Structures are given as C-alpha cells and as structure tokens.
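Examination of the molecular architecture
Residue strings, one per chain:
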Amino acid sequence: MDIHQLELFLAVMDSPSMTRAAEKIHLSPGAVSLQLHNLADELHTELFVRRGKRLLPTPAALRLAERAKEVVRMMGHIQQEFENDLTRDVRPFHFATGVTTLIYQLGGPLRQLRKHYPNAEIRVTVGVTEEMVTGLLDRRFDLALISLPVSEANLRVIPLFDEELLVVRPSANKVGSGQVRSLRASELANVPFLLYPQRSNVRLVIDRFFSEIGVTPRVLMEADDTEAIKRLVESGFGYSILPEHALRGRSHFFEKFRIAGHRLMRSLALATAQTACPRKLTESIAGFLRSTLVEGSGGGTF
C-alpha cells in the first residue's frame, strides 16, 4: 500500500463513478479497478460492491477513507515543508486581476514584482471578480486582486484599501482632471446611465449606493470596459460612475462629481484559496503586492 493508492481510492470515493474518477486522475478505468483490487487484497477486506452500474462503498471503505484522508493530508504537510522553497519553486505563478486595476494601479507594482522575483514565471489573467473567485477555488489562479464583497468562505482575503467611485457626466468643454464638484442625489433622477454589468461586484456596490440615496437609475447601456464607458460619456451618451483612479491624468470632456452628503467607495483586496498547505511563493508575492499597493494608495487601508 502506498500514498498513490490511497489518493486513487479517495478519488473513487469522491466521484459518482469509476469512469469519472479515472478521468480525474488521468488513468484508465481498468488501471483504477486493478489498483482498488490490489488495495483490497492487501487489507484483506472488500471495499466496494457493485449495484447495477454503481459502486457502493462498504463500511470498511468508509473507515479507510477517514484514515486515508489523514495520511494524505499529513503527506501534503511533509512535502510542503521540505519542497516549498521559494528559490526552487519553478511552477508558473498565476495572478488574476480586473482590467481597470491592471491599467491604472498595477503597472508599477508589477514591474517591481518582476524585479523582486526574477526567476518566477508570472502569468497574468484579466477578468471580473466572479471569474477570478471561481479560478481561485478551481486552483487555476494562485492569487487574485478582487473587488469586495465576496461571500465565498473558502477564500483567504487580504484587505488592501478603499477606492472612491465618482459620478461623471458629459461636458461640452475640456475639464481638468483635478476638479470634483458636488451634485444633489435628486439631480440623478431620470438621467441616462452607462454602468458596469449587473453581474459585476462594482455594479453591486453602485446599485446599493443608488438604493441608499433613493434613486432608481435609468440604465441605457452596460459595459465591462472602463475606457469604453469613459469614451461614451465624453461622446454625450449619458452619465456613469467610475473608479477615481481611472479618471486621473489628462483633461477630459466630462465632469466629475460626488453626491452631497455621501461618499461612494469600493474595497479592493487580494485573495487566495483557503488551504492547509499554502504555497510559499503565493504568500510571499501577496505580502509584496500588499505593501506595494497600500503604499502607492497613500496608506488608505482598512
């Protein structure tokens, strides 16, 4: 009996069929069946009984599963302790982030990151928070920069900072990037809006804000891309609400506003999958990015 047999056995226990288990561990059903027979013979017991097309675990299999999970978990800890070396970790590191954050806040930090970890193969994926959370849980991503809130309990969330969202509306003349004026909530009633899609976390924050100020927005268009929304606002298609970082720089053909008596904020955080054996490179890069991003934001942490 070895650790691979136990891992194979647990894969069968966690799968609806031997065929599905075989696909999961990249073996043929025949090879899986042979390994299970060898394990049962070695333990002098019966592990599964067949009922039609289904394999049903015996009481002995249920007892073995409890012990096997402990053994596999302990082996994982041992391997992590002796193999999880930053200097020898050559596996690709997958980092995910939103496009707006990538464009406006991650340029400098990612350059510093590549200098600090010259031997790491860092791959960047751009997506929305919901896709990034799924990727973390599926172990496709090691680390993600997400927009809160998220309700997934199997994530480790590392708070970064809050970022203000501002109302923008078209202007016939160019307006300097530093000027932010004030609007009454009532002035937003019945005006056309271009907003992020409803499935996005930023839109969730925006919709909650509208509810708080008693306004039902008249949404004419939705778009994922911040730059596209900015161009449409400048072209006179309507108002929008966008992250303050995306509105810096050169002058634009739109005006920026806060709602009198209210501040609209979104919270950014780093997230990893919750695991008993975290990858040391993930922890190290998360710490590096957190210190770099919080410093760059002016220290506006939670």
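Residues numbered from 1 in each chain as written. Predicted model: local features only at pLDDT ≥ 70, side-chain atom pairs only at ≥ 80, totals over all residues. Heavy atoms only, no water.

Topic: the pattern of salt bridges
Here the structure, examined in full by the defined rule, presents 16 salt bridges. With a closest N to O distance of 2.4 Å, Arg181 and Glu255 form a salt bridge. Of the two residues, Arg181 is situated in strand S7 (residues 180-183) and Glu255 in strand S11 (residues 252-259); the sequence distance between them amounts to 74 residues. Residue classification places Arg181 among the partly exposed positions, given a relative accessible area of 38%. The salt bridge partner of Arg199 is Asp224, with a shortest N-O separation of 2.7 Å. (Salt bridge = Lys/Arg side-chain N within 4 Å of Asp/Glu carboxyl O. Helix = DSSP H or I, 4+ residues; strand = E, 2+ residues; numbered from the N terminus. Buried < 20%, exposed > 50% of the residue type's maximum accessible area, 1.4 Å probe, protein only.)

Considerations on the layout of surface pockets
Roughly 320 Å³ of internal volume is contained in the second largest pocket. Lining the second largest pocket are 21 residues, and of these Gly98, Val99, Gly127, Val128 and Val202 lie nearest its centre. Elements with a minimum of two residues in the lining of the second largest pocket: helix H5 (99-105), helix H7 (129-137), strand S5 (143-148), helix H8 (201-213) and strand S12 (265-273). Split into classes, the residues belonging to the lining of the second largest pocket amount to 10 nonpolar, 9 polar and 2 charged. (1 Å grid on protein atoms, 1.4 Å probe; cavity = no way out; pocket = protein on both sides within 12 Å on 5 of 7 lines; lining within 4 Å. Points joined across faces, edges and corners; volume = space filled by probe spheres on them. Nonpolar A, V, L, I, M, F, W, Y, C, P; charged D, E, K, R; others polar.)

Topic: helix H3 (residues 29-43)
Taking 1.5 Å per residue, 15 residues should reach 21 Å; H3 reaches 21 Å between its end C-alpha atoms and fits that length. Buried within H3 we find Val32, Leu36, Leu39 and Ala40. One face of H3 carries all of its buried residues, which in axial projection span an arc of 95 degrees. Two residues or fewer after H3 comes His44, characterised by a positive phi angle close to 55 degrees. (Expected span 1.5 Å × (residues − 1). Arc of directions from axis to C-beta.)

Examining H8
For H8, which comprises 13 residues, the first-to-last C-alpha distance of 19 Å matches the rise-based estimate of 18 Å (1.5 Å per residue) to within 8%. Positive backbone phi, at 75 degrees, marks Gly214, one or two positions downstream of H8.

Topic: the confidence of the model for the protein
Put simply, the protein has an average pLDDT of 88, and 95% of its residues get 70 or more. Mean pLDDT in the protein bottoms out at helix H2 (residues 18-24), which sits at 80, and peaks at strand S8 (residues 192-195), which reaches 97. (pLDDT = per-residue confidence, 0-100.)

A short note on the side chain of Ser240
Among the secondary structure elements, Ser240 is positioned in strand S10 (residues 240-243). Judged by relative accessible area, which is 0%, Ser240 ranks as buried. Contacts of Ser240, omitting those with residues within four sequence positions, involve Leu166, Val167, Val168, Phe193, Leu194, Leu195, Ile229 and Val233. (Contact = heavy atoms within 4.5 Å.)

Description of the packing of helix H1 (residues 3-13) against H3
Here H1 crosses H3 at 110 degrees, and the two axes come no closer than 10 Å. As judged from the angle between their axes, H1 and H3 are roughly perpendicular. Pair H1 / H3 crosses with left-handed handedness. Touching Gln5, Leu8, Phe9 and Val12 of H1 are Val32, Gln35, Leu36, Asn38, Leu39 and Glu42, all from H3. A class-by-class count of the residues in the contact of H1 with H3 yields 6 nonpolar, 3 polar and 1 charged. (Axes fitted to C-alpha atoms, helices over the stretch in contact; angles between N-to-C directions. Parallel < 35°, antiparallel > 145°, perpendicular 65-115°, else oblique. Left-handed = near helix turned anticlockwise from the far one by under 90°.)

Thoughts on the packing of aromatic side chains
This model, assessed by the stated rule, comprises 4 aromatic pairs. The interplanar angle of 55 degrees and the centroid separation of 6.0 Å between the aromatic rings of Phe9 and Phe48 together place this pair among those described as tilted. Placement of the pair is Phe9 in helix H1 and Phe48 in strand S1 (residues 48-51), with a sequence separation of 39 residues. Here the two residues Phe9 and Phe48 agree in accessibility, since each one is buried. Joined through ring pairs, the aromatic side chains of Phe193, Phe210 and Tyr239 make up one cluster. Its end group placed over the ring of Phe141, Arg140 keeps NZ or CZ at 5.3 Å from the ring centre. (Phe/Tyr/Trp six-rings, centres within 6.5 Å; stacked < 30°, edge-to-face > 60°. Lys NZ or Arg CZ within 6 Å of the ring centre and 35° of its normal.)

Notes on empty space enclosed by the protein
According to the stated counting rule, one finds 2 cavities of 30 Å³ or more in the structure shown. Volume-wise, the largest cavity comes out at about 50 Å³. Forming the boundary of the largest cavity are Glu164, Leu165, Leu166, Val167, Phe209, Ile241, Phe257, Arg258, Ile259, His262, Arg263 and Leu264. Only strand S6 (155-175) and S11 provide two or more residues apiece to the lining of the largest cavity. If you tally residues by element for the lining of the largest cavity, the top one is S6, at 4 residues. Taken together, the residues of the lining of the largest cavity sort by class into 8 nonpolar, 1 polar and 3 charged. Taken as a whole, the second largest cavity spans an internal volume of roughly 30 Å³. As for the second largest cavity, its lining consists of Val99, Thr100, Ile103, Tyr104, Asp225, Thr226 and Glu227. Here the residues of the lining of the second largest cavity sort into 3 nonpolar, 2 polar and 2 charged.

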